[in-house]
Amino acid sequence: MHKAGFVNIIGNPNVGKSTLMNLLTGEKLSIISPKAQTTRVRVMGIVSAEEYQIVYSDTPGILEPKYKLQESMLQYVESALTDADIILFITDPFDSKKINLDYAERIKNIDVPLIVVLNKIDLIDQKSAEDLLKKWQEIYPKAVILPISALHSFNHQSVLDAIIYHLPESPAYFDKEQLTDKPMRFFVAEIIREKIFLNFKQEIPYSTEVVIESYKEYPEITKIAATIYVERDSQKPIIIGNKGQSIKNIGTEARKDIEKFTETKVYLELFVKVNKDWRNDSLKLKRFGYQQ
Ligand code: GDP
Ligand code: MG
């Protein structure tokens, strides 16, 4: 009997959804940063074995949209609630203090198996962990609740076991060699965006979009040109930095990760342009490829 299905990872911003997705797939498919809302779209990570195929979806965090980009981000969360075979709801000790009961109620009413993952248990003592597990079991009586630390690769095997147990009988959805639904260019842009999230404070990362202008593979090297779009004129010199130092750092850090990801030598060229208020403009968002 072959099993296959869609396992959709949802939860509030910053609880460790992307970290867990990368751990479960063994690939760095999703970008991670200490800032909320790093993930903007839905990214699939496919894990295949002889007798099963798990199609994970990492999603942006659940949020109250304040601008159009966030409305689009929430759409991806909504779609993940409707097409799941299994829901993997991730929470952490801090998140558990401010539970969004509307969402909890909705998730409870979806008729698919629910696995609740209490992540970051490396940050609390055993007594607090036990209390939280009890609390989540009361909110979701039918769910299996699993304490893990995605960062320290602790107990994620129990998550995998629970997923395989609940996976429906089905043929594979994707070629067994395939790792994701997104092309290489997407991950290159995401890696550059991750470096911006890690290098800049406040609004800059949220105001930034990365577009791959060209991607050429030669026998010896892959040549990539990308444009970093910001929202306002004043943000451009910040990205570039004094004597171009900031953009140079982003370029170097991104290139190293892209080389690991593509397993080739990479030449990366970065440009910075202003695209006024793109975050709040439906047409511009559509051109950047966001679902409306
Ligand atoms: P997402 O917004 O839910 O996708 O969260 P991320 O995966 O981007 O992680 C947010 C932050 O939490 C990052 O700084 C991670 O390194 C950190 N993090 C993730 N899992 C753990 C964990 O198990 N323990 C600790 N201490 N930190 C974690
Ligand atoms: Mg994320």
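Given the structure is predicted, the values throughout are model-derived calculations rather than measurements.

What counts and what doesn't
- Residues numbered from 1 in each chain as written.
- Chains lettered and ligands numbered in written order.
- Predicted model: local features only at pLDDT ≥ 70, side-chain atom pairs only at ≥ 80, totals over all residues.
- Heavy atoms only, no water.
- Near = heavy atom within 4 Å.
- Polar contact = N/O pair within 3.5 Å; in protein donor to acceptor, adjacent residues only side chain to side chain.
- Areas by Shrake-Rupley, 256 points an atom, 1.4 Å probe, with all protein chains shown as cover.
- Nonpolar A, V, L, I, M, F, W, Y, C, P; charged D, E, K, R; others polar.
- Pairing = 2+ DSSP bridges.
- Helix = DSSP H or I, 4+ residues; strand = E, 2+ residues; numbered from the N terminus.
- Axes fitted to C-alpha atoms, helices over the stretch in contact; angles between N-to-C directions.
- Contact = heavy atoms within 4.5 Å.
- Buried < 20%, exposed > 50% of the residue type's maximum accessible area, 1.4 Å probe, protein only.
- Donors = N, O, S within 2.8 Å, 3.2 Å for Na, K, Ca; no water.
- Salt bridge = Lys/Arg side-chain N within 4 Å of Asp/Glu carboxyl O.

**Student:** What is the right way to look at the site of ligand 1 in this model?
**Tutor:** In the region of ligand 1, 17 residues are neighbours, and Asn 14, Lys 17, Ser 18, Thr 19 and Asp 122 sit closest. A distance of 2.9 Å separates an oxygen atom of ligand 1 from a polar backbone atom of Ser 18. Contact between ligand 1 and Lys 120: an oxygen atom at 3.2 Å from a side-chain N or O atom of the residue. When the free accessible area of ligand 1 is taken as 590 Å², the share hidden by the protein chains comes to 88%. Split into classes, the residues belonging to the shell around ligand 1 amount to 7 nonpolar, 7 polar and 3 charged.

**Student:** I'm lost on the sheet that holds strand β9 (residues 266–274) in this one. Help?
**Tutor:** Strand order in the open sheet formed by 3 strands is β7-β8-β9, and the pairing between neighbours is mixed. Edge positions in the sheet fall to β7 (209–217) and β9, since each of these pairs with one other strand and no more. Strand-to-strand twist of the sheet, defined as the mean angle between neighbouring strand axes without regard to direction, takes the value 15°. As defined by bridge partners, β7 adjoins strand β8 (residues 222–230) across 8 bridges and the pair is classed as antiparallel. Opposite Glu 217, over in β8, you have Thr 222 as the bridge partner. On top of the sheet, helix α6 (residues 184–199) reaches β7, β8 and β9; it is set at about 135° to β7, its chief contact. Of the strands in this sheet, β7, β8 and β9 are in contact with helix α8 (residues 245–262), which crosses β9 at around 135°.

**Student:** What is the right way to read unusual backbone geometry from this model?
**Tutor:** The bulk of non-glycine residues show a negative phi, and the bulk of peptide bonds are trans. Of note in this structure, Lys 120 is not a glycine but carries a positive phi near 65°. Mapped onto the elements of the fold, Lys 120 is located in the loop between β5 (114–118) and α4 (126–139). Phi angles above zero are rare outside glycine, and Lys 243 is one such case at about 55°. For Lys 243, the location among the structural elements is in the loop between α7 (236–240) and α8. Classification of Lys 243 as exposed rests on a relative accessible area of 81%.

**Student:** I tried to follow the coordination of the magnesium ion (ligand 2) on my own but got confused; where do I start?
**Tutor:** The textbook angles at a metal center are 109.5 degrees for a tetrahedron of four donors and 90 or 180 degrees for an octahedron of six. The protein atoms that coordinate the magnesium ion (ligand 2) are Ser 18 (OG) and Thr 39 (OG1), at distances of 2.1 to 2.2 Å. In this pair, Ser 18 is assigned in helix α1 (residues 17–25) and Thr 39 in the loop between α1 and β2 (43–48), connecting sequence segments 21 residues apart. Accessibility classification places Ser 18 together with Thr 39 in one group, the buried group.

**Student:** Would you take a moment to explain the pattern of salt bridges for this structure?
**Tutor:** Close approach of charged atoms allows side chains of opposite charge to pair. Following the criterion strictly, the structure yields 16 salt bridges and no others. The partner of Glu 194 in a salt bridge is Lys 28, and the shortest N-O contact between them spans 2.8 Å. Note that Glu 194 is positioned in helix α6 and Lys 28 in the loop between α1 and β2, a separation of 166 residues in sequence. Using a relative accessible area of 4% as the deciding quantity, one classes Glu 194 as buried. A salt bridge links Asp 181 to Lys 182; the shortest N-O distance between them is 3.1 Å. On the accessibility criterion, Lys 182 (22% relative accessible area) is partly exposed. The network of salt bridges with shared partners includes Lys 28, Glu 194, Lys 195, Asp 257 and Lys 260.

**Student:** I tried to follow the pairing of β8 on my own but got confused; where do I start?
**Tutor:** Note on strand geometry: in a regular strand, side chains alternate between the two faces of the sheet. In terms of burial, β8 is a largely internal element, 8 of the 9 residues being buried. Hairpin connection from β7 to β8: 4 residues lie between these consecutive antiparallel strands. Here β8 runs beside β9; their pairing, made up of 9 bridges, is parallel. Each residue of the ladder has a partner; that of Ala 225, found in β9, is Glu 269.

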